[in-house]
Amino acid sequence: MTAKIRLLLIDDGDTYAQLIREQMPECELIRPPGADTDCVGDGPEAISFLEKYKGPIDLVLLDMFFDIPEDKLFPLDEGASLRRTRRFQGVAILREIHARFPALPVVLLTSLEDLSLVDAAKDLVSQSMTYVLDGQDVDALRVRIAAATKRSRVEDGSRVLWGENSVMKAIQRRLTVLARGAMPVILEGETGTGKSWLAEQYVHVNSGRPGPFIVLDLSTIPENLLSAHLFGAVKGAYTGAVESRKGVFEMANEGTLFIDEIQNAPLEVQKQLLLVLQDKKVRPLGASREILVDVKVVAASNRPLDEAVAQGTFRPDLYMRLSPATCVQIPPLRMRLEDLYYLANRFARRALQNSDIASLVKEVATSIGISTITDIRLVIGRNDHTDVSGSLQLVIPKPVWRMMESHSWPGNIRELEMIIYNLITFTLVDAIDTVQRGIPITNTRLQVDAGLVGNLLLGARALERKPENGQGSGSIDDNRIPVTINSAGTLNDVANDVERQYFLTLFHSCNRDFAQMAHRLLGDSSKARAVRLRFNQLGLRVRDIKY
Amino acid sequence: MIDSKWTRKDELIDILLDLKHDFGKYLFLHLSHLTADSPEDMIREALRTALFETRRISGTVRTAEEIWGQYRSEIDALKYAFNGYDRLVQCVDDALSLHRFLIPESAPHPPHVGHIHKVARQVSEVIAQIIAEENSDR
């Protein structure tokens, strides 16, 4: 059992969508916002979607023949008839996808025999990440999708967090065992260590469970809707329940339920969770009967749960039911620096899937005079001549690398990822500026600016924990913070604006810990949930806030 | 000066490729999941979809017969004689005639799935042969 393969289907009809829905349960089609079908219908729409879409895509399935109006067709070859352009439109779309998203695997839905009739296709299909469905049945399609995604996932996911660190290797062995069976798993670790990734990509994937992976973030759900969210509700069970809804336990039946930030769960919710874990059944609000559920629970906490138990903010019976024996502590990045180079390179390679970076890479490739760059690699020092043919290489001077190794990485892997993305973006922009000033770039090795890395790390260092009674002081100096006010706003707008900026500053200075924020704001760290709700009401989202 | 024979041959090949695509993708794919163990109801449902809901696009549904009718009229309008015409008509007719198995009263048992696959696949195979023949005398 593996996680579902997330497919973007580019097709002018819904034959393949219907086929995949009905006969390929291992796949999940991505439905574009506002669409009433599980596909995008033409090339321009597909490119526009890919540029905006921030979610995961394992694979693009691309039809060949598009019977659509002429104004929605990408041009094929010079002089190609309308009929030919429609028949081989997949090739024209593939060309655009390769240019903008070179790391995105694509399966072209046609036969090699037909493809041989179009000259423009020969170069495209010989590139990596392109696969041709050479057969016209479901099994052929299934085999081709599996082959394409296997390679993509091996490269992009399965090793990205493991590396060579001995603790991580031990965790991998332990999670392989814990993934099996119905027992819950606790993942403890600082923010950004990859707990949600491990839950989905390792525990769930290796659990062998046929059901879905469902995420429950307790801090984002209003308290009065929590029960309905957890257990479901029948129509009319409460004001506003205009239709029956499933709770997360029922949704995760035979699968995995990931409870993020469980340490912030209100005590009443903890009691309800305990009952479900004990009885393995839920009763939706307003329902007369209970429903049996078979759910593997993975609970994550960014601070030790036994401490929360000792402080009285976490129920000891729930802690025992979750089973401390299955608790896995994910080390912070500063404790596994031997993986820094490996992880940095994984993120560099993954950066190509970001459409903004992909378009910058394309611009740099054009400046250098090469057709396509399919990989980004980081190399340390000018004398590192690791075989990186076909890659764009960013050369990090050795002193700069040592600076990265001595950084404490308070945001852990997530912080590293952001810094690598920023480092790549700024280096590419610098290269493009250089070319625009009339200075040609002649090879694929670009020097990373030492000052740039220093600034990126400095920005992060300002957020590091300071030893002040366990509280981070961050950028709040002398109890004053600079605030920007939009004088054109209403009083309410201004108040929200000030509050938003204060929350954001506090969020950084408390090292992204809502319990600390609650302590600072309300003098009570157990009110973390209330603080988080207000945080969200102000339009702030944890995942969107960079280090 | 462009030889009109070659022009019409190219047009014919274009039409045949489109027909091959439509019958391969829209007709055969609906049947490809059937196996020798598939229950008769499933076989009939797959045949019904393949023949009568052959292509869905922008909310419209076209049958296999309508698709073939369109291509056949385009081929006839070319007034270009080619050797495989009768073979093409025959194999498409064979595929379309699978509809007789839809009604249990007239055909108590649908044919073996292997036969259905063979008939449906034959359209693509015959078209590929014809295209190869037409290309061979260039």
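Definitions and cut-offs
Every chain's residues receive numbers from 1 upward, in the order its sequence appears when written. For naming, the first written chain is A and the first written ligand is 1, with later ones following in the order written. Local features in a predicted model are, by the rule used here, given only for residues with pLDDT of at least 70; side-chain atom pairs are given and counted only at 80 or more, and totals for whole chains, interfaces and linings are based on all residues. With hydrogens and water set aside, each side-chain value is computed from the structure's full complement of heavy atoms. A run of DSSP states H or I qualifies as a helix once it reaches four residues; a run of E qualifies as a strand once it reaches two. Both are numbered from the N-terminal end. We call a residue buried when its accessible area falls under 20% of the maximum for its residue type, exposed when it is over 50%, and partly exposed in between, using a 1.4 Å probe and counting protein chains only. Any two residues whose heavy atoms approach within 4.5 Å at even a single point are treated as in contact. Method for areas: the Shrake-Rupley scheme with a 1.4 Å probe, in which residue coverage is limited to the protein chains shown. In plain words, nonpolar cores are sets of buried Ala, Val, Leu, Ile, Met, Phe, Trp, Tyr and Cys residues tied together by side-chain atoms within 4.5 Å. Bear in mind that the domain bounds are from an automatic or database domain assignment. Here the axes come from fitting lines to C-alpha atoms, over the contacting stretch only for helices, and the angles between their N-to-C directions go from 0 to 180 degrees. For classification purposes, angles smaller than 35 degrees are called roughly parallel, those larger than 145 roughly antiparallel, those between 65 and 115 roughly perpendicular, and all remaining angles oblique. In this scheme the handedness of a crossing depends on how the near helix is turned from the far one: anticlockwise by less than a right angle means left-handed, clockwise means right-handed. Under this grouping Gly is polar, as are all residues other than the nonpolar Ala, Val, Leu, Ile, Met, Phe, Trp, Tyr, Cys and Pro and the charged Asp, Glu, Lys and Arg. Note on pairing: DSSP must find at least two bridges between two strands before they are called paired. Reported buried area values correspond to the accessible surface (1.4 Å probe) lost by two parts on association, with both partners' losses combined. The rule for a salt bridge is simple: a side-chain nitrogen of Lys or Arg has to be within 4 Å of a carboxyl oxygen of Asp or Glu. In protein, a polar contact requires one atom able to donate a hydrogen and another able to accept it; more generally it is a pair of N or O atoms within 3.5 Å, and residues adjacent in sequence count only if both atoms are side-chain atoms. Centre distance within 6.5 Å is the pairing criterion for rings of Phe, Tyr and Trp, where only the six-membered ring of Trp is used; planes under 30 degrees apart are then read as stacked, over 60 as edge-to-face, and the remainder as tilted.

K.L.:
Talk me through the overall build of chain A; I want residue IDs and the actual numbers.
P.N.:
Each helix and strand counted, chain A has 22 helices and 17 strands in total. The 547 residues of chain A split such that 52% are buried. Partitioning the contacts of chain A with sequence separation of at least 6, the portion at a separation of at least 24 is 70%. Element-wise, carbon and sulfur atoms account for 51% of the exposed surface of chain A, whose accessible area totals about 24,800 Å².

K.L.:
Can you tell me about the nonpolar core, naming the residues and giving the values?
P.N.:
One finds Leu175, Met404 and Leu416 of chain A to be the most contacted residues of the largest nonpolar core, which totals 62 residues. Among the elements that line this core, the one with the most residues is helix H18 (residues 412-436) of chain A, at 10 residues. Taken together, domain 2 (166-331) and domain 3 (337-461) of chain A each give at least three residues to this core, which thus spans both. Look past the residues within four positions of Met404 of chain A in its chain and what remains in contact with it is Leu340, Ile396, Trp409, Leu416, Ile420, Val453 and Leu457 of chain A. Core analysis: the second largest hydrophobic core is formed by 44 residues, Leu27, Ala46, Leu47 and Ile116 of chain B among them.

K.L.:
Quick one: what's the story with the packing of helix H15 (residues 340-351) of chain A against H18 of chain A, residue by residue and with numbers?
P.N.:
Residues and elements named next belong to chain A. Running from amino to carboxyl end, H15 crosses H18 at an angle of 55°, the nearest separation of the two axes being 9 Å. In terms of their interaxial angle, H15 and H18 are classed as oblique. The interaxial crossing formed by H15 with H18 has right-handed handedness. Contact with H15, carried on its side by Leu340, Leu343, Ala344, Phe347, Ala348, Arg350 and Ala351, involves Ile413, Leu416, Glu417, Ile420, Tyr421 and Ile424 of H18 and no other residues of that element. Of the residues belonging to the contact of H15 with H18, the class tally is 11 nonpolar, no polar and two charged.

K.L.:
Residues and numbers for the sheet that holds strand E15 (residues 375-380) of chain A, please.
P.N.:
All names here are of chain A. The strand order E15-E16-E17 describes an open sheet built from three strands, whose pairing is parallel. Strand pairing shows two members of the sheet lacking a second neighbour, E15 and strand E17 (445-447), which therefore form its edges. In this sheet, adjacent strand axes meet at a mean angle of 25° when their direction is disregarded. Of the strand pairs in this sheet, E15 and strand E16 (residues 391-396) are connected by six bridges, and their pairing is parallel.

K.L.:
Could you give an account of the interface of chain A and chain B, with specific residues and numbers?
P.N.:
Facing the 21 residues of chain A at the interface are 25 residues of chain B. Of the roughly 2,100 Å² buried where chain A meets chain B, counting both sides, 47% is carbon and sulfur surface. On the surface where chain A and chain B come into contact, there are six salt bridges. For Arg87 of chain A, the salt bridge identified is with Asp14 of chain B, shortest N-O distance 2.9 Å. Counting every contact that joins chain A to chain B gives six residue pairs in polar contact (both at pLDDT 80 or more).

K.L.:
Lay out the pairing of strand E3 (residues 59-63) of chain A in plain terms, naming residues and giving numbers.
P.N.:
The element E3 of chain A is extensively covered by neighbouring structure, given that five of its five residues are classed as buried. Burial of E3 of chain A is two-sided: the residues Leu59, Leu61 and Asp63 of chain A facing one way and the residues Val60 and Leu62 of chain A facing the other way are all buried.

K.L.:
Before we move on, could you go through the sheet that holds strand E13 (residues 296-301) of chain A and cite the residues and values that matter?
P.N.:
Residue and element names in this part refer to chain A. Taken together, the five strands give an open sheet; going across it, the order is E7-E10-E13-E6-E14, and neighbouring strands pair in parallel fashion. Each edge of the open sheet is held by one strand with a lone partner, namely strand E7 (213-217) and strand E14 (327-329). When the angles between neighbouring strand axes are averaged without regard to direction, this sheet yields 20°. Here strand E10 (residues 256-260) pairs with E13 via four bridges, running parallel. When the bridges of E13 are listed, Leu257 appears paired with Val297. Of the strands in this sheet, strand E6 (185-188), E7, E10 and E13 are in contact with helix H9 (residues 195-207), which crosses E13 at around 160°.

K.L.:
Help me get a handle on the environment of Leu540 of chain A, residues and values and all.
P.N.:
Residues and elements named next belong to chain A. For Leu540, the location among the structural elements is in the segment after helix H22 (528-537). Distance from Leu540 to Leu504, taken between C-alpha atoms, is 7.9 Å for residues 36 residues apart in sequence. Apart from residues lying up to four places away in sequence, Leu540 is in contact with Arg500, Phe503, Leu504, Phe535 and Ile545.

K.L.:
Tell me about the pattern of salt bridges, residues and numbers included.
P.N.:
Residues and elements named next belong to chain A. For the structure on display, the rule yields 20 salt bridges over all chains. Taking the shortest distance from any N to any O, the salt bridge between Arg21 and Asp38 comes out at 2.9 Å. Within this pair, whereas Arg21 is found in helix H1 (residues 15-23), its partner Asp38 is found in the loop between strand E2 (27-29) and helix H2 (43-52), the two being separated by 17 residues in sequence. By relative accessible area, which is 45% here, Arg21 ends up partly exposed.

K.L.:
Tell me what's going on with the pairing of E13 of chain A, and back it up with residues and numbers.
P.N.:
All names here are of chain A. Of all the six residues making up E13, six are buried; the element is thus mostly covered by neighbouring parts of the structure. Of the pairings in the sheet, the one linking E6 to E13 comprises four bridges and is parallel in character. Within E13, the position partnered with Glu188 by the bridge is Ser301.

K.L.:
So, the packing of aromatic side chains: which residues are in play, and what are the values?
P.N.:
Residue and element names in this part refer to chain A. On inspection of all chains with the given rule, the structure shows nine aromatic pairs over all chains. Their ring planes at 85° and their centres at 6.0 Å tell us that Tyr341 and Trp401 sit as a pair that is edge-to-face. In this pair, Tyr341 sits in helix H15 while Trp401 sits in helix H17 (residues 398-406), placing the two residues 60 residues apart along the sequence. By relative accessible area, which is 28% here, Tyr341 ends up partly exposed. For the pair Phe507 and Phe514, a centre-to-centre distance of 5.6 Å together with 45° between the ring planes defines the contact as tilted. Looking at Phe507, the relative accessible area reads 0%, which means it is buried.

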